[in-house]
Amino acid sequence: MAQDLKARTKKFAIDCGKLCRNFPHSREYNAYVNQLIRCSSSVGANYRASQRGKSTADFINKLKIVEEEADESHFFIEILLEMYDLEDENVKNEMIRLCKEANELVAIVVASINTAKSKLKI
């Protein structure tokens, strides 16, 4: 599962980066696009780091960052979806897919955090 999630979080970052090519280069879009690129790539980077955690507490802390960054990615995709006058249905569908993927990543990470926390209490 860890390898699958490692690949999945990397793909999420790449897909968000590719999505960002579709937005106009202007002050307001650049701010949101840059934020999306940063937080979506942080999802994969921090998940990767979590797999090298020094302790269960370190693992949990890194996963909490993954959770926050995936949720933040979802937020910026939503903002761009509402701001951008989409004429290209494929871009809109990709944004919707990435919103769903961000939500799924959050759910998976939260479940992993809860599992790790329960192991700390044993």
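Residues numbered from 1 in each chain as written. Predicted model: local features only at pLDDT ≥ 70, side-chain atom pairs only at ≥ 80, totals over all residues. Heavy atoms only, no water.

Draft legend 1. Structural context of the pattern of salt bridges. Applying the stated criterion to the full structure yields six salt bridges. E104 is the partner of R8 in a salt bridge, and the nearest nitrogen-oxygen pair spans 2.5 Å. A residue pair is termed long-range when its members are at least 10 positions apart, and R8 in helix α1 (residues 2–19) and E104 in helix α4 (residues 89–121) qualify at 96 residues. Relative accessible area serves as the criterion here: at 26%, R8 is assigned to the partly exposed category. A salt bridge links D58 to K62, with the nearest nitrogen and oxygen atoms 2.8 Å apart. Of this pair, D58 and K62 both sit in helix α3 (residues 56–83), four residues apart, roughly one helical turn. Because the salt bridges share partners, they merge into one network encompassing K11, D15, E94 and R97. (Salt bridge = Lys/Arg side-chain N within 4 Å of Asp/Glu carboxyl O. Helix = DSSP H or I, 4+ residues; strand = E, 2+ residues; numbered from the N terminus. Buried < 20%, exposed > 50% of the residue type's maximum accessible area, 1.4 Å probe, protein only.)

Draft legend 2. Quick look at helix α2 (residues 27–50). Between its terminal C-alpha atoms α2 stretches 34 Å, which fits the 34 Å expected from 24 residues at 1.5 Å a residue. Among all positions in α2, only Y29, V33, L36, C39, S40, S42, V43, G44, N46, Y47, A49 and S50 are buried. (Expected span 1.5 Å × (residues − 1).)

Draft legend 3. Quick look at the state of the cysteines. Under the criterion given, the structure shown has zero disulfides. The thiol sulfur of C20 is not disulfide-bonded, and the nearest other cysteine sulfur, from C16, lies at 6.7 Å. Under the relative-accessibility criterion, C20 is labelled buried at 8%. No disulfide involves C99; its nearest neighbouring cysteine sulfur is the one of C16, lying 8.9 Å away. (Disulfide = S-S within 2.5 Å.)

Draft legend 4. Representation of the nonpolar core. With 30 residues, the main nonpolar core has F12, L19, F23, L36, I77, L80 and M95 as its most contacted residues. Residue assignment for this core shows that the elements contributing at least two residues are α1, α2, α3 and α4. Per-element tally for this core: the top contributor is α4, with eleven residues. Each residue touching F23, except ones within four places of it in the same chain, is listed here: Y29, V33, L80, Y84 and M95. (Core = buried A, V, L, I, M, F, W, Y, C linked by side-chain atoms within 4.5 Å. Contact = heavy atoms within 4.5 Å.)

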